[in-house]
Amino acid sequence: MGTQLDSEKFSCSICLDLLRDPVTLPCGHSYCMSCIETHWDGQDWWRIYNCPQCRQTFSPRPVLRKNTMLAELVEELEKTGLQAAPPDGSYAGPGDVACDVCTGRKLKALKSCLVCLVSYCQQHLQPHNEVAQLKKHKLVEPTVHLQENLCSRHGEVMKIFCCTDQQCICYLCSMEEHKGHKTVSASAERTERQNGLGESRKKIQQRIQDTEKDLKVLQEEVEAINRSADGAVENSEKIFSELLCLLEKRRSDVKQLIRSQQEAEVSRAKELEEKLKQEIAELRRKDAELEQLSHTENHTHFLHSYPSLSHLSGQWTQLPSTDIRPLRHFQDVTAALTEFRNKLQGVLSEEWTKISLTATVPDVLLPQPEPKTRNEFLQYSHQITLDPNTANTQLLLSEGNRKVTSISGYSNADHPHRFTEHWQVLSRESLTGRRYWEVEWKGWGASIAVAYQDVSRTGKESQFGLNDKSWRLWCDKNGYKFRHNSEKTFIPGPVSSRIGVYLDHRAGVLSFYSVSETMTLLHRLQTTFTQPLHAGIYLYGLFGFGSSAEFCELK
């Protein structure tokens, strides 16, 4: 232990290795000649040189001479093979604050001095713990931002805060460009702002607690949703399996019924076929006898045989024809199955609307902001096609059922879902969640609408906007009108042939926009939607032949 202490006494406090070419300063501290020369080279611009340990200053720069006696002692110490180097873990690595005094391989800084603006390792920090004047310096945890405390103009420590310009300055700055400004000490300003920082932290911490509660509720809700969804999927798989088994059984029964009827009909046809063949053979035999009689030259034989053959031929030709009733080709079975399929599709469509509504997940998610620009709206663009089974008979669908045109005298087959009195049509797709689409209209005018699937198909009140199950924006060259449940609202705004529709079903938001080079909000509705919606088009029916509306393809 004594030898170790001796080795530390003969170590340079700058490089922390044994002294090389030791020199002793007037204050009595010794250093490697190269270490202290390098240290002082960095102070040439001050013209004041100090001791790294006791901070005693010298001016002019002392002339250094090798301390022969100390050099011999160090040489003797080196012969023992002992070193004063610290363990590897003490050296500064990437991300560490290095000691500014160390030369060569630098040690980690233990503290930084806000007065000296220097970071010190444990060895070089010792004078700040021993020298009375240095004990007054402000020591902080090691930091790499010490130079931020120096004024870039005067090189002085910035201890003053200018309230006028809201910046830290040095004393010389306060006497020059900041003269007359309201100033306080940087420490006083820090104290005041520290109090404000505390209040801000309280608010942030409270917000963190509230958000963590919301997060916990959300996580619990997600777990509940997953459990419920797993159970619903399992039950739906079971129900659909039962439905498929039932359909498969009915399919098998129909197939067996058709085949049984086929076998019976074919068997009856075969019997008739055999009877007809026998009748043809007998007739041909009798015909041959008559032909033979007609060629006989024996008049007596001819007259003798003629009465019996003549009577026989009359008997055959006067027999009623064979009763061949029409064979069944099973078109009635196909027709019945087609009708069954259509009814089943109708039932499935209606029930699906109920299923999709009841399957809506409770709104536990955080609200999302509404889009502002067209590009943001296009994120929710949705391809819409029209359902031919709902189109009025005076409407013609084209462009893959994206376009509807009013055509005088055009007629569609009857369908229970078809609008009978008003020239309107609904989309095939049901709309939930967030959706955006655009409609281009031409002609006298058009209504861009949304409606529930069960909106009335007959009567005056079936027109979009005249009931509580539909909402419509009427567009023509004179402007716009919004209508719901027969209540009318006149809307000013730039007339445009392209209308954008934004729907947030869960939030109950329905907005209509005039789309040109920019998007202009025409009308925004806030309500509660209780069912999935369908997009709709209504065309003016008095002089409106040739009016059209098309759902635009958005990319």
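Per chain, residues are indexed from 1 in the order of the written sequence. Local features in this predicted model are restricted to residues of pLDDT 70 or higher, and side-chain atom pairs are both shown and tallied only at a pLDDT of 80 or more, whereas totals for entire chains, interfaces and linings draw on every residue. Side-chain metrics rest on all non-hydrogen atoms present in the structure, leaving aside hydrogens and water.

- For the chain, an unreviewed UniProt entry supplies the name Tripartite motif-containing protein 16-like and the organism Myripristis murdjan.

### Section: the sheet that holds strand β9 (residues 167-169)
Point 1. In this scheme, strands are said to pair when DSSP sees at least two bridges between them. In this text, helices come from DSSP runs of H or I with a minimum length of four residues, and strands from runs of E with a minimum of two, each type numbered from the N-terminal end. Strand order in the open sheet formed by three strands is β9-β8-β10, and the pairing between neighbours is antiparallel. Two strands lie at the open edges of the sheet, namely β9 and β10 (183-185), each paired on one side alone. Sheet twist, expressed as the mean angle between neighbouring strand axes with direction ignored, is 35°.
Point 2. In terms of strand pairing, strand β8 (residues 160-162) meets β9 through three bridges, oriented antiparallel. Note that in β9 the partner of C162 across the bridge is Q167.
Point 3. Note on definitions: a residue-residue contact is assigned when non-hydrogen atoms from the two residues lie within 4.5 Å. Axes here refer to lines fitted to C-alpha atoms; in helices the fit is confined to the stretch in contact. Angles between the N-to-C directions go from 0 to 180 degrees. Sitting on the sheet, helix α7 (residues 186-294) is in contact with β8 and β10, with an inclination near 85° to β10.

### Thoughts on the sheet that holds strand β11 (residues 395-398)
Point 1. Strand order across the open sheet formed by seven strands is β11-β12-β23-β14-β19-β20-β21, with antiparallel pairing between neighbours. At either margin of the open sheet sits one strand with a lone partner, and together these are β11 and β21 (519-526). Within this sheet the neighbouring strands show an average axis-to-axis angle of 20°, counted without direction.
Point 2. Sheet topology places strand β14 (residues 434-442) next to strand β19 (residues 498-504); seven bridges connect them, and they run antiparallel. Its bridge partner lying in β19, Y436 is registered against Y502.

### Description of helix α4 (residues 122-130)
Point 1. Burial status follows relative accessibility: with a 1.4 Å probe on protein chains alone, a residue under 20% of its type maximum counts as buried, one over 50% as exposed, and anything between as partly exposed. All buried positions along α4 are accounted for by H124, L125, P127 and H128. Take α4 and look down its axis: the buried residues cluster within an arc of 135°, on one side only. Among the exposed residues of α4, those pointing more than 90 degrees away from its buried face are Q122 and E130.
Point 2. Tucked inside the fold, the buried residues of α4 contact β5 (111-113), β6 (118-120), α5 (132-135) and β7 (139-140). Directions are taken from the helix axis to each C-beta atom, and the arc is the one they span.

### What about the pattern of salt bridges?
Point 1. Salt bridges are defined by distance alone: a side-chain nitrogen of Lys or Arg within 4 Å of a carboxyl oxygen of Asp or Glu. Inspection of every chain in the model, using the stated rule, returns 24 salt bridges.
Point 2. Between E37 and R61 there is a salt bridge; the shortest N-O distance is 2.3 Å. Of this pair, E37 sits in helix α2 (residues 33-41) while R61 sits in the loop between β4 (57-58) and α3 (68-79); the two residues are 24 residues apart in sequence, bridging distant segments of the chain.
Point 3. The closest approach of N and O atoms between E265 and R268, which form a salt bridge, is 3.9 Å. Here E265 and its partner R268 are both found in helix α7, three residues apart, which amounts to about one turn of the helix. The exposure classification of E265 matches that of R268, with both residues buried.
Point 4. Linked through salt bridges whose partners overlap, the residues forming this network are R374, E438, E440 and R498.

### Overview of the environment of F161
Point 1. On the secondary structure map, F161 appears in strand β8.
Point 2. F161 sits in the buried class, given a relative accessible area of 6%.
Point 3. With 23 residues separating them along the chain, F161 and V184 place their C-alpha atoms 5.4 Å apart.
Point 4. Residue contacts for F161: discarding those within four places in its chain leaves Q166, Q167, C168, K182, T183, V184, S185, A186, E189 and R193.

### Description of the packing of aromatic side chains
Point 1. The pairing test for Phe, Tyr and Trp rings, Trp by its six-membered ring, is centres within 6.5 Å, and the orientation test on the planes gives stacked under 30 degrees, edge-to-face over 60, and tilted for anything in between. One pass over the full model with this rule turns up 11 aromatic pairs.
Point 2. The interplanar angle of 75° and the centroid separation of 5.4 Å between the aromatic rings of F377 and Y502 together place this pair among those described as edge-to-face. Of this pair, F377 sits in helix α10 (residues 374-378) while Y502 sits in strand β19, and the two are 125 residues apart along the sequence.
Point 3. Each member of the aromatic cluster is reached from another via a ring pair, and the members are F377, Y380, Y436, Y502 and Y513.
Point 4. Criterion for a charge above a ring: Arg CZ or Lys NZ at most 6 Å from the ring centre, at most 35 degrees from the ring normal. R457 extends its terminal NZ or CZ atom over the ring of F419, reaching a point 4.9 Å from the ring centre.
Point 5. Positioned above the aromatic ring of Y538, the side-chain terminus of R472 is 5.4 Å from the ring centre.

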